[in-house]
Amino acid sequence: MDKKLKRVDLIFSEECVCKDVLTTSLKKSNDDILKDILDSGLRGRGGAGFPTGLKWKFTAQETSEEKYVVCNADEGEPGTFKDREILSRVPLKVFGGMAICAKIIGAKHGYVYLRGEYQFLKAELEKALVEFHATIKELGFDFQIHILMGSGAYICGEESALFESMEGKRGEPRNKPPYPTIAGFRNKPTVINNVETLVYAFMICRIGTEKFMELGTTDSRGSKVFSISGDTPIAGIYELELGMSLEDFVEDFGDGDTKAVQVGGASGFCVPRKKFKDTIIGFEGVPTGGSMMLFNSSRSMYNVLKNYVEFFEEESCGQCTPCRVGCQQLKIGIEAVKKGEKSVHYLDTLQKLADTMKVTAKCGLGQSVANSFSSIVDNFKEEMIY
Amino acid sequence: MPEIKEIVKDLADKHGRNRESLLPILQGIVIEERFISDVAMTEVARELDMSAALVYGTATFYSFLDTKPRGKFVIRICRTITCDMKGKRQLIKLLEDLLKIKVGETTKDKKFTLLETNCLGWCHKGPAMLINEQVFTELNEDKVSEIIGDYMRNN
């Protein structure tokens, strides 16, 4: 069968080039590399989509003696599993991306914060680190990478919570500003990037800006690794160009009966069938950290929403009231409507609560609960009631 | 089995005695003991010269840093939607029958604890579960019976 979407092979291609790319990149001037990353239009692949080049540039501009580069491998968004695959298949590219970043910003130490659920990856990563450290020593570059483990807290994927956790504290997000580029780990200027972002930065140094820019759209340059699961006959990890329409995506990956796609995990958006055609996957449309969950018509969207709300209720760090109490009330609320204890109109009240969380919660977790809540309740109201 | 005092001291020698060492030390205790007892927390506080409340506050934040007694093997089954759609509920029922405990409980012989956990990152190969650090994916009833049988016989 002909596939609508082109498969891309950047991330997982030729792992052994690490040394070559580092040799060339370490000789280049910081400004040249920074210009390449900026020109490429690369944006963060963890979900938020901040321009990577700018993050590096801001941190490079700080004058601190101590700076850090941190790889966020606390992949916890429901439906996302691409970072695990990247780390197990091409760890040297991840480390390579960190080294290039370290050169630009002037960092001597880098950290990989790996989620506790991926403990089994640690031994392999440490083996790859030995090889990596030997390579950069040979190249005369002073940079050390350390691996730190998480312990089962979704919130630690939020960058400032991750720093708190690295510092041995509860993983509670900080107030922003200051942003990590000014005060990150140990309150020093820090670049924190998603695993996949670091590999793309590395690959841009390898293939050049122009090749990278041939992929994707003006707003969403390049390709992206998607974690595809749910009601699909071919669940798995696929690297695809950004900017595709959801209709084409469903044609390739759906089971012929796709009712809705949850784009971006529990903190993302639910897109119903009637909107597939007009939905673009990318920063100009619906962005995603990679999670694509397909649901067919046999699935109850009430169960899906309940699963997400329970997830947030448990993973909320409890620090700010809108998120702590909001998540609890959203859960109690939809259960009450389903049981008929509350009228249909109560859903509107819950929507208002979700909207309030969006503006008042301290971090991205609480702010993004409204994304899935509103998009599921809006599009599948009857399923919430009957 | 080494005393908790020794375990904590060894871990502090390895990871250091400052605030940043706290998480690796607590993680180390869980690997050794499967959970962090009150005695262990007090011991960490003494060894690192910080208040026990700080240790407690940090330990109880993280779902993998158990502060309740756990079995030798902690089974964590993924409860997220895609594993749920692939039949995780039947597997939990089966596990409850096999181990004769409910979710959240530990067997009398202190061998197994059954827990649910959030997304394990194996959504394309669900249902998935962890037994301590080891992952098991694409589970079905036969596979689960076999795995639990192996653990019961060989440990």
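Just so it is clear, the model here is predicted, and its values are computed rather than measured.

Chemist: Any chance you could explain the overall build of chain B here in plain terms?
Modeler: Looking only at helices and strands, chain B features 7 helices and 4 strands. For chain B, the residues scored as buried account for 42% of the 155 residues in total.

Chemist: Can you help me understand the interface of chain A and chain B in this one?
Modeler: Interface size is commonly expressed as the accessible surface area that is lost when the partners come together. Chain A puts 36 residues into the contact, and the matching count from chain B is 30 residues. For the side of chain A that touches chain B, the secondary-structure elements that each account for two or more residues are β5 (223–230) and α11 (301–315) of chain A. A per-element tally of the side of chain A that touches chain B places α11 of chain A first, with 5 residues.

Chemist: Looking at this structure, I do not really get the environment of glutamine 329 of chain A. What am I missing?
Modeler: Looking at the secondary structure, you find glutamine 329 of chain A in helix α12 (residues 321–339). In this structure the C-alpha to C-alpha distance between glutamine 329 of chain A and leucine 350 of chain A, which are 21 residues apart in sequence, comes to 8.1 Å.

Chemist: Please explain the nonpolar core as it appears in this structure.
Modeler: For soluble globular proteins, the rule of thumb is that nonpolar side chains tend to be buried together. In terms of nonpolar packing, the biggest core is built from 137 residues, with Val94, Met98, Cys101, Val199 and Ala201 of chain A touching the most fellow members. Among the elements that line this core, the one with the most residues is helix α5 (residues 91–105) of chain A, at 10 residues. Counting 23 residues, the second largest nonpolar core, distinct from the first, contains Ile75, Ile92, Leu120 and Trp122 of chain B.

Chemist: Help me out: how do you make sense of the packing of helix α2 (residues 30–40) of chain A against α5 of chain A in this one?
Modeler: Between two packed helices, what matters for the description is the angle formed by their axes and the separation of those axes. Residues and elements named next belong to chain A. Running from N to C, α2 and α5 cross one another at 125°; their axes reach a closest spacing of 9 Å. Between α2 and α5, the crossing angle belongs to the class labelled oblique. Once α2 is placed against α5, the crossing between them reads as left-handed. Seen from α2, the contacting residues are Asn30, Ile33 and Leu34; seen from α5, they are Ile100, Lys103 and Ile104.

Chemist: What's the story with helix α2 (residues 22–33) of chain B in this structure? I'm lost.
Modeler: Note: α-helices contain 3.6 residues per turn, so residues at a spacing of three or four share the same orientation. Under the 1.5 Å per step criterion, the end-to-end length of α2 of chain B is 16 Å for 12 residues, consistent within 8% with the ideal 16 Å. Within the span of α2 of chain B, buried status applies to Leu22, Leu23, Ile25, Leu26, Gln27, Ile29 and Val30 of chain B. Buried residues in α2 of chain B make contact with β3 (144–149) and α7 (159–166) of chain A together with α1 (4–15), α3 (38–48) and α4 (52–59) of chain B. One or two positions beyond α2 of chain B, positive phi appears at arginine 34 of chain B, with a value near 75°.

Chemist: Sorry if this is basic, but what is going on with the sheet that holds strand β4 (residues 134–136) of chain B here?
Modeler: Within a sheet, each strand pairs with its neighbour through backbone hydrogen bonds, oriented either parallel or antiparallel. All names here are of chain B. Spatial ordering of the open sheet is given by β2-β1-β3-β4, a layout of 4 strands whose pairing is mixed. Across the chains shown, the open sheet's two edge strands, defined by having one partner strand only, are β2 (112–117) and β4. Across the sheet, the mean angle separating the axes of adjacent strands is 20° when strand polarity is ignored. Sheet contacts for helix α6 (residues 88–99): β1 (73–78) and β2; angle to β1, the most-contacted strand, approximately 160°.

Chemist: For this particular structure, what's the right way to read the environment of leucine 365 of chain A?
Modeler: Residues and elements named next belong to chain A. Tracing the backbone shows leucine 365 in helix α14 (residues 364–379). It is 9.7 Å that separates the C-alpha atoms of leucine 365 and proline 173, two residues lying 192 residues apart in sequence. Aside from chain neighbours lying at most four places away, what touches leucine 365 is Ile155, Glu158, Phe312, Glu315, Ser316 and Cys323.

Chemist: How should the domain arrangement of chain A be read in this particular structure?
Modeler: All names here are of chain A. Domain boundaries in chain A define domain 1 (15–213), domain 2 (223–296) and domain 3 (301–385). Look at where the C-alpha atoms of domain 2 and domain 3 centre, and you get two points 22 Å apart. Mapped onto the side of domain 2 that touches domain 3, the elements with two or more residues apiece are β8 (258–263) and β9 (269–272). Tallying contributions element by element places β9 first for the side of domain 2 that touches domain 3, with 3 residues. Its residues placed into classes, the side of domain 2 that touches domain 3 shows 6 nonpolar, 3 polar and no charged.

Chemist: Is there a simple way to explain the pairing of β9 of chain A in this structure?
Modeler: The two faces of the sheet receive side chains in turn, since in a regular strand these alternate between them. All names here are of chain A. Bridge analysis of β8 against β9 gives 4 bridges, and the strand direction is antiparallel. Directly across from alanine 260, in β9, lies its bridge partner proline 272. Between β8 and β9, which pair antiparallel in sequence order, lie 5 residues; one of them, glycine 264, sits at a positive phi of approximately 95°.

Chemist: Would you mind going over the sheet that holds strand β1 (residues 68–73) of chain A with me for this structure?
Modeler: All names here are of chain A. The strand order β3-β2-β1-β4 describes an open sheet built from 4 strands, whose pairing is parallel. Two strands close off the open sheet at either side, each with one partner strand: β3 and β4 (190–194). Taking the axes of each pair of neighbouring strands and ignoring which way they run, one obtains an average angle of 20° across the sheet. As judged from the 6 bridges shared by strand β2 (residues 109–114) and β3, these two strands associate in the parallel manner. Each bridged residue has a counterpart across the sheet, and for valine 112 the counterpart in β3 is isoleucine 147.

Conventions adopted
Residues numbered from 1 in each chain as written. Chains lettered and ligands numbered in written order. Predicted model: local features only at pLDDT ≥ 70, side-chain atom pairs only at ≥ 80, totals over all residues. Helix = DSSP H or I, 4+ residues; strand = E, 2+ residues; numbered from the N terminus. Buried ≥ 20, exposed ≤ 12 C-beta atoms within 10 Å, placed from the backbone. Contact = placed C-beta atoms within 7 Å. Core = buried A, V, L, I, M, F, W, Y, C linked by C-beta atoms within 7 Å. Axes fitted to C-alpha atoms, helices over the stretch in contact; angles between N-to-C directions. Parallel < 35°, antiparallel > 145°, perpendicular 65-115°, else oblique. Left-handed = near helix turned anticlockwise from the far one by under 90°. Expected span 1.5 Å × (residues − 1). Pairing = 2+ DSSP bridges. Domains from an automatic or database assignment. Nonpolar A, V, L, I, M, F, W, Y, C, P; charged D, E, K, R; others polar.

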